[in-house]
Amino acid sequence: MLFVLMHVWLTGNDSSINTRRQPARWIGCLFIKAISQYRLGNALSDILHYIDVENPAKREEFPIDESKLKECCGTYLKDKIQVELINGKLYFTRFVGNLHIEIYPVGEGLFVRRYCDQVHPYSIAENENGKMTFLGYVKDKS
């Protein structure tokens, strides 16, 4: 749906989508389709309602010992959210291993995506019961 709306906006024509006639516009639409529709919708809403928002920033990496990184690893929601240490790098894995997002530490218990600017870092920390939590989920014991 978003692709068709963007095609109409770029070309003014919704009768057909012909990639041979307009390859540059096709590539532009693919880029727009690839971004998070949720984030795009929130950004557009903020713009329309004149809401000031914090700019995303690239943060400096905070050195953490590999043993501390291993403490963060585990399954937080079965078949949905997992944190893994692969070749010395921390990955946030979603959807049964279909989406691997490299994250790096920016503070004690704070992590951000490697190739994406973020406004708010992820928190992987112990809760009041001494159990590791990530995105509101407690790490499985297994």
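So, a few notes on the structure that sits alongside this text. For clarity, every value in this text was computed on a predicted model and none was experimentally measured.

Rules and cut-offs
Residues numbered from 1 in each chain as written. Predicted model: local features only at pLDDT ≥ 70, side-chain atom pairs only at ≥ 80, totals over all residues. Heavy atoms only, no water. Helix = DSSP H or I, 4+ residues; strand = E, 2+ residues; numbered from the N terminus. Expected span 1.5 Å × (residues − 1). Pairing = 2+ DSSP bridges. Buried < 20%, exposed > 50% of the residue type's maximum accessible area, 1.4 Å probe, protein only.

## A short note on helix 3 (residues 37–48)
Look at helix 3: 16 Å from first C-alpha to last across 12 residues, which is about the 16 Å you get at 1.5 Å a residue. Of the residues flanking the end of helix 3, it is Tyr-50, one or two places downstream, whose phi is positive at about 55°.

## Comments concerning the sheet that holds strand 2 (residues 81–86)
Strands belonging to one sheet form pairs held by backbone hydrogen bonds; the direction of such a pair is parallel or antiparallel. Spatially, eight strands are ordered 1-2-3-4-5-6-7-8 in an open sheet, and the strand pairing comes out antiparallel. The open sheet is flanked by strand 1 (74–77) and strand 8 (137–138), the only strands paired with a single partner. The pairing of strand 4 (residues 99–107) with strand 5 (residues 110–113) spans four bridges and is classified as antiparallel. Paired with Ile-103 across the bridge in strand 5 is Arg-113.

## Focus: the pairing of strand 4
Counting buried positions along strand 4 gives seven out of nine residues, so the element sits mostly inside the fold. For strand 3 (residues 89–94) and strand 4, the ladder comprises five bridges, and the chain directions are antiparallel. When the bridges of strand 4 are listed, Arg-94 appears paired with Leu-99. Here strand 4 folds back onto strand 5, and the loop between the two strands holds two residues, one of which, Gly-109, carries a positive phi near 80°.

Spatial relationships are all this shows, so hold off on functional conclusions.
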